[in-house]
Amino acid sequence: MKNSAAVSDSTTLNQKDFMSIMNSIFSPLIVARPIILPQGQKDFELVFFNEAFSRTVSKTILKFHYFHEFKALLSTEVPWNDMADKAINKIPCEPVTYFSDLSNGWFRVQMKGMDGKYIVVNIENITKEREHSKKLLDTAYIDILTGLYNRNKFLDDIADLTAQAQFNGTKLGLLLIDIDNMKIINDYNGHTAGDEVLKKSAEILNRFSKNIIKAYRFGGDEFLLAIKNCSSMDSITNVCDTVFESFNSEQIKFSGGIAVYPDDSEEPEDLLRFTDIAMRRAKKDGKNRITNFKPEMQRVFIQKLNMQAKMSAALLNSDFYLVYQPQFDIKTGDLRGFEALMRWHDKELGDIGPAIFIPLAEETGMILEIGDWVLNTAFCTLKNWQQKYSFKGIMSINISPMQLKQPNFIENIRNLLIKYNLNPDAVEIEITEGIMIENMNEAIEKLNSLKNIGLSISLDDFGTGYSSLSYLQVLPLNTLKIDKSFITGITEKNGIQANITNSIITMVTKMGLQTIAEGVEKNEQLQILKEFNCHIVQGFLRGKPMLEQNCAAYLGGKKSALISLETEKS
Ligand code: C2E
Ligand code: CA
Ligand code: CA
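Since this is a predicted model, take the numbers as computed values, not measurements.

S.K.: Explain empty space enclosed by the protein to me, please; I cannot follow it from the model alone.
M.R.: Once rolled over the atoms, a probe with the size of a water molecule shows which space is left empty. For the coordinates displayed, the defined rule picks out one cavity of 30 Å³ or more. By volume, the largest cavity is sized at about 40 Å³. As for the largest cavity, its lining consists of Leu 161, Gln 164, Ala 165, Thr 170, Lys 171, Leu 172, Lys 228 and Asn 229. Put simply, the parts of the chain that give the lining of the largest cavity at least two residues each are helix H6 (151-168), strand E7 (171-179) and strand E9 (222-230). Broken down by element, the lining of the largest cavity gets its largest block of residues, three residues, from H6. In the lining of the largest cavity, the residues fall into three nonpolar, three polar and two charged.

S.K.: What am I meant to see in the coordination of the calcium ion (ligand 3) here?
M.R.: Each pair of donors in an ideal four-coordinate tetrahedral metal site encloses 109.5 degrees, whereas pairs in an ideal six-coordinate octahedral site enclose 90 or 180 degrees. Within the protein, the atoms that donate to the calcium ion (ligand 3) are Asp 460 (OD), Asp 461 (OD), Glu 518 (OE) and Glu 518 (OE), at distances of 2.2 to 2.5 Å. The sequence pattern describing where the donors of the calcium ion (ligand 3) fall on their chain is D-D-x56-E. The distance between the calcium ion (ligand 3) and the calcium ion (ligand 2) is 4.0 Å, with Asp 460 acting as a donor to both metals. Here the residue Asp 461 occupies a position in strand E17 (residues 456-462), and Glu 518 occupies one in strand E19 (residues 514-518), the gap between them amounting to 57 residues. On the basis of relative accessibility, which here comes to 28%, the residue Asp 461 falls in the partly exposed class.

S.K.: I would appreciate a short explanation of the pairing of strand E10 (residues 254-261) in the present structure.
M.R.: The two faces of the sheet receive side chains in turn, since in a regular strand these alternate between them. Counting buried positions over the eight residues of E10 gives eight, a clear majority of the element. Residues Phe 254, Gly 256, Ile 258 and Val 260 point to one face of E10 and Ser 255, Gly 257, Ala 259 and Tyr 261 to the other, with burial holding for every one of them. Note that E7 and E10 share eight bridges and pair antiparallel. Across the sheet, the residue bridging to Leu 174 is Ala 259, located in E10. Each parallel crossover has a hand, and for E10 linked through helix H10 (residues 268-284) to strand E11 (residues 289-292) it is left-handed.

S.K.: Is there a simple way to think about the site of ligand 1 in this case?
M.R.: Neighbouring ligand 1 are 20 residues, the closest being Gln 325, Arg 343, Asp 460, Glu 521 and Phe 540. Glu 518 places a side-chain nitrogen or oxygen 3.4 Å from an oxygen atom of ligand 1. When ligand 1 is considered free in solution it has 790 Å² of accessible area, and contact with the protein chains removes 79% of it. Broken down by secondary-structure element, the contributors of at least two residues to the shell around ligand 1 are strand E13 (335-346), helix H12 (354-364) and E17. No other element matches E13, which puts four residues into the shell around ligand 1. For the shell around ligand 1, a count of residues per class yields eight nonpolar, five polar and seven charged.

Definitions and cut-offs
Residues numbered from 1 in each chain as written. Chains lettered and ligands numbered in written order. Predicted model: local features only at pLDDT ≥ 70, side-chain atom pairs only at ≥ 80, totals over all residues. Heavy atoms only, no water. 1 Å grid on protein atoms, 1.4 Å probe; cavity = no way out; pocket = protein on both sides within 12 Å on 5 of 7 lines; lining within 4 Å. Points joined across faces, edges and corners; volume = space filled by probe spheres on them. Helix = DSSP H or I, 4+ residues; strand = E, 2+ residues; numbered from the N terminus. Nonpolar A, V, L, I, M, F, W, Y, C, P; charged D, E, K, R; others polar. Donors = N, O, S within 2.8 Å, 3.2 Å for Na, K, Ca; no water. Buried < 20%, exposed > 50% of the residue type's maximum accessible area, 1.4 Å probe, protein only. Pairing = 2+ DSSP bridges. Right-handed = clockwise from strand over helix to strand, strands pointing away. Near = heavy atom within 4 Å. Polar contact = N/O pair within 3.5 Å; in protein donor to acceptor, adjacent residues only side chain to side chain. Areas by Shrake-Rupley, 256 points an atom, 1.4 Å probe, with all protein chains shown as cover.

Encoded structure:
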């Protein structure tokens, strides 16, 4: 026995047996041998093929005898003669796959040399195998909830989409859709309701022809539409408007951002970023709208990034500092305490006011780090004053809605009280009604915890924004700060503003709240507030925001250290 495949003489195959074995093989098989054609070229000539070959590969092949004829009939992509050359010379050669229009399927060609005389060519139909692996790939590409393609699929498709647009000389519109108020839907109606909105959105998107729109679920409540073959910006806008109307007629509101290839950029990464920038602008402009990306938005975006970097550096370099504005009892003139206010001095930009950088810090999330720094610094100053000057007053600290939303906010405050060994009743937290926007119940719960710890809660800027008297009933407040815009008007002759202010003070005093008048600049204002029984005054007239060393000198008994419109006059 030469090898394990050898058989004994008694079972030697005759030609007929051999043929029926070959014909019972499912894969198409050819045996060929090298020849020199009459014109002198080297080629390979068919000496045998099995039934599977004539069945699968096409009967037409019967008319052909040489490999060079395979090229035209089967596939130009397979280097038939090269592979055969390698096989006959025993040089390893990789299988090659091709798609056959003739039999509408995928095939894999492999060749093997036999004794340097013949080659065996195996042509295997791999269409099913390919379909199976494509299906597997598709599941990795499909979002389970909505059945739409997912973000990964888009990242795979985008190069083809832009290449196609380039080839056809058309535009490709990308529309990023972000469902409005998804958090509220989830919080108030439950996650199942949220899922229904997402499914409905997918259903709407599926109504559009796949030739025009390719839709992807991008994650969370975001969808991305690739709008193909657009001849102009108008046609992109028309498609987007139709999508918007379809959503609106199903009571689903979204904010969308559009970026266009090649107008806005030819780079997929840029285009995606631009849709996001435009979508955020749509949200900012009041939601439920679609906004086109404009280069100026990118400038604003870059400026914001720069500002964010600058703010991070400012924290490290101590370019932020706090000033403290005194608050006085209107009747007795006694010092009630101070409000800590942030200041930023940048070496290049100069002084930047909190009205500019606080909203930016809120937008970029930097407010969390900055807010921590404010809390630490104000607590530290308070402890210092208590120890050095037996300061008995209150330190008021402004808190952003985003800070209060942090799951560990209460814990943080507790830790800071321990760290600085402070009595909680010396600390007041100033909030604005902005905390009520997203999750009112959670905000109320947190404020109650703060109040239970012993801190005071003050509602800032009352009289601006949506100020509603109903907030006063639901929020666990100690103090109401009446905004400067109210105070400015109380001296007007018609008395309307004065009447409103008087009523507010009377009402909230009855509710047990203390009232602070903000932005008092004139003695006349102060006298009216006194008549209205307002408790506390905070304003330039009696005291401006001051550096820590000024406050320390004042607390140490140096009355002239106080900076105010009154002291400046004298
Ligand atoms: P706010 O909390 O309403 O602070 C009062 C603002 O009114 C301060 O402006 C203060 O300097 C100013 N002010 C006080 N009295 C008078 C007056 O008689 N006349 C005039 N014209 N203005 C007066 P500032 O310091 O520029 O702060 C602006 C806003 O920035 C603050 O308004 C607050 O919303 C925010 N802010 C300041 N510091 C912080 C902070 O540490 N954290 C947070 N989250 N926000 C802060
Ligand atoms: Ca304040
Ligand atoms: Ca205020």
